[in-house]
Amino acid sequence: MTKKIIRTLLLPTYFALLTHSLSTHAGQLNYNAELTLLSDSAVTIEAANIGTNSEANSDTAMAQLLGAEYQFNNSLSISYEFYNESYQDLSENDTQYHSFNAGYDRNIGPFDFFLNTSHMNMTLEGDDFLVMDLVMPSLSYYFESGIYLNMSHTWINKSFDTFSDFDAKNNATGLTAYYFFANNKAFISLNHTQGNEEANSNDNDYDENTTTAAFQYPINIGTYASKINASYSIRNRDYPKVTDPLTMKSREERARFKVHIDSKINDQWSIRGTYDFMDRDSNLATSTYKSNYFNLRVSYQN
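This text gives an overview of the structure that appears in the document. The model shown is predicted, which means the values in this text are computed figures rather than measured ones.

Here's the deal with the overall build of the protein
And then number 1: Within the protein, the regular secondary structure consists of one helix and 14 strands.
And then number 2: Counting all 302 residues of the protein, 37% fall into the buried class.
And then number 3: For the protein, long-range pairs separated by at least 24 residues make up 51% of all intrachain contacts whose partners lie at least 6 apart in sequence.
And then number 4: Of the accessible surface of the protein, which amounts to about 16800 Å², a share of 56% is contributed by carbon and sulfur atoms.

Some points on the pattern of salt bridges
And then number 1: Going through the model one piece at a time under the given rule, you end up with 12 salt bridges.
And then number 2: Two residues, lysine 158 and glutamate 197, come together in a salt bridge whose shortest N-O distance is 3.0 Å. Of this pair, lysine 158 sits in strand E7 (residues 147-160) while glutamate 197 sits in strand E9 (residues 186-199); the two residues are 39 residues apart in sequence, bridging distant segments of the chain.
And then number 3: Judged by relative accessible area, lysine 158 falls into the buried class, the value being 19%.
And then number 4: Residues lysine 241 and aspartate 205 are paired through a salt bridge, measuring 3.2 Å at the closest nitrogen-oxygen approach. Within this pair, whereas lysine 241 is found in the loop between strand E11 (224-238) and strand E12 (251-264), its partner aspartate 205 is found in the loop between E9 and strand E10 (206-221), the two being separated by 36 residues in sequence.
And then number 5: Among the residues examined, lysine 241 registers a relative accessible area of 43% and is labelled partly exposed.
And then number 6: One salt-bridge network, held together by shared partners, links Glu208, Arg235, Arg237, Lys249, Glu252 and Arg280.

Focus: the pairing of strand E3 (residues 76-87)
For a regular strand, the rule is simple: side chains alternate between the two faces of the sheet.
And then number 1: Two strands pair when backbone bridges link them, and strand E2 (residues 59-71) and E3 are joined in this way by 11 bridges, in the antiparallel orientation. Residue pairing across strands places glutamine 64 opposite asparagine 84, the latter belonging to E3.
And then number 2: The loop that links E2 with its antiparallel partner E3 comprises four residues.
And then number 3: Bridge analysis of E3 against strand E4 (residues 95-108) gives 10 bridges, and the strand direction is antiparallel. Along E4, the bridge assignment pairs glutamate 81 with serine 99.

The rules behind the values
Residue positions are counted from 1 within each chain, in the order its sequence is given. Per-residue local features are limited, in this predicted model, to residues with pLDDT of at least 70; the limit for side-chain atom pairs, both in listing and counting, is 80 or more; totals at the level of whole chains, interfaces and linings are taken over all residues. Side-chain descriptors were evaluated using all non-hydrogen atoms of the structure, hydrogens and water having been removed beforehand. Going along the chain from the N terminus, every DSSP run of H or I of four or more residues is numbered as a helix, and every run of E of two or more is numbered as a strand. Three exposure classes are used, based on accessible area relative to the maximum for each residue type with a 1.4 Å probe and protein chains only: buried under 20%, partly exposed in between, and exposed over 50%. Only heavy atoms matter for contacts: two residues are in contact if any of them lie within 4.5 Å across the pair. Calculation of accessible area relied on Shrake-Rupley with a 1.4 Å probe; when residues are assessed, cover is drawn exclusively from the protein chains displayed. In what follows, salt bridge is the name for a side-chain nitrogen of Lys or Arg lying within 4 Å of a carboxyl oxygen of Asp or Glu. When DSSP finds two or more bridges between two strands, those strands count as paired.

Okay, here's the thing in structure tokens:
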């Protein structure tokens, strides 16, 4: 608990020092803050064996996020993010993380190349939990007809402080097609991603396929310009190296429907409401359940 209090007090101070330091140099500094109220009917952290009896793990939480991004030029940027999430009753799910990110964007002829890298440290109930590194290059092409294609590859390295069986390397390749219309304010999209994870324990290795269809359209709520975004995805995971499929997860199918509405209050403030439904089916009863997630988020950006 002492570690959590120290991090809660010090990390916003580091954030303030970072933004002050960058603001004294040439370039563009942006910062943002978010406050989220959420309700989750099935709070789970499987890597820590928390919430496996998901039917009894409904709770509410409050989350805060602070972020800063420094844009050196049109191509290169760095950013920092601090996040804190605290549950009302299930404090074993309380998480904090801070992440450092870098992005590089460049036009190569008719293509747009983007490279994103990230390093994240996460705590669970105040104790060290996870260190994760991510590298994601992507290549995009926009057709005059309104079709936009994006191909990306994501590499992730996960290192857990205690649950070393879940230490893993994850690779995923995805292709997304967008069709923009209504003056490029609306789109429909289709994504397919194939991935695999190789963990320290063969029982946790898996192959994964995900297909997602999404839709976004501008709307007005009173006098506020808004947009609605809805998506439906199907994800299939296969654990081919499981040694005991009677007591360990050997497969999982997940259907997910998510919808959110964004409303822009003014140039700095916005509000988002989200509903997220997931239906999981697995060979294990503890991993077979439905969940309903709601949140209301208020955001500020300079």
